[in-house]
Structure formats: C-alpha cells, structure tokens
Amino acid sequence: MMTTRTISQTSESRRQFLQLAVFGAGAAALSTVLIGKARAADLPHLTLDDATAKALGYVEDTTKVDAAKYPNHTPAQDCAACSFYQGTAGSEYGPCTLFPGKAVHSKGWCSGFVAKPA
Ligand code: SF4
C-alpha cells in the first residue's frame, strides 16, 4: 500500500512537472514572437541615402523606379511581393533580409527583388 501511494505521488509530481514544462515552453515561444514583432515595428526605415540602398537602386515607391536603368522592373514588383521581405501582410514597413536592422516600405523596390514563389 505504501509503495502504491508513493508511485501515485510520483506520477502526480511528474504530471505537474510536465504541465509546467509545456506551459513554460508555450510562454517562451509567445514572448519570442511578440518581442520579434515589437522589434520589427521599431526598426528605423531604410533611407535613400544609405550606401547599399543607393547601390541597389532602392526606392520607397516602386512606380518611381528608373525604367531606363532597370529595364526588367515591372510595377507589379514591390517589397511586399519579394522573397526577402519579412513584414507581416498589410504592414506599411517591414524588415528585409538584404538590409539587416532596417525596415523597407512594402511598396518599395530594389534591384535585389526576387518574386515570392506563387
Ligand atoms: Fe524590397 Fe526585396 Fe529589395 Fe528588400 S530585396 S528592398 S524586400 S525589393
């Protein structure tokens, strides 16, 4: 009887431990997502005078791209449609993996554009 009670108590402790572990992991994942979104919103906007932005012909409005300089550009190409854009759907600005630490305009464009897979 004593042994059964001890096993039962051990099982209960193990169950409580597992519940806490699952809750802790969920809370950690949620806080990582929330912090990531807050950081993305806080990123400074990429400026047109940034050296890399200039080199890649970045503009904040894809309709303003120099067609003579970038003949393969089309107005349908913008940051929101680019594989490198990390912003959430509908956001005005978002991170771009080509410009770490900066946010680019969702309607912007640069010559690094790569269409998202259909
Ligand atoms: Fe926009 Fe893509 Fe250029 Fe980044 S790489 S600035 S998302 S077009």
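Look above for the structure.
Peer 1: Give a detailed account of empty space enclosed by the protein, specifying residues and quantitative values.
Peer 2: Following the criterion strictly, the structure yields 1 cavity of 30 Å³ or more and no others. The calculated volume of the largest cavity comes to roughly 100 Å³. Around the largest cavity sit 15 residues that line it, and C79, C82, C96, W109 and C110 are the ones nearest its centre. Partitioning the lining of the largest cavity into residue classes produces 12 nonpolar, 2 polar and 1 charged.

Peer 1: Give a description of the site of the ligand that names residues and reports values.
Peer 2: Around the ligand, the structure places Y58, C79, C82, F84, Y85, C96, L98, F99, V104, W109, C110 and F113. More than half of the atoms of the ligand fall within 2 Å of the grid points belonging to the largest cavity. Split into classes, the residues belonging to the shell around the ligand amount to 12 nonpolar, no polar and no charged.

Scoring rules and cut-offs
- Residues numbered from 1 in each chain as written.
- Predicted model: local features only at pLDDT ≥ 70, side-chain atom pairs only at ≥ 80, totals over all residues.
- Heavy atoms only, no water.
- 1 Å grid on protein atoms, 1.4 Å probe; cavity = no way out; pocket = protein on both sides within 12 Å on 5 of 7 lines; lining within 4 Å.
- Points joined across faces, edges and corners; volume = space filled by probe spheres on them.
- Nonpolar A, V, L, I, M, F, W, Y, C, P; charged D, E, K, R; others polar.
- Near = heavy atom within 4 Å.
- Sits in = over half its atoms within 2 Å of the grid points.

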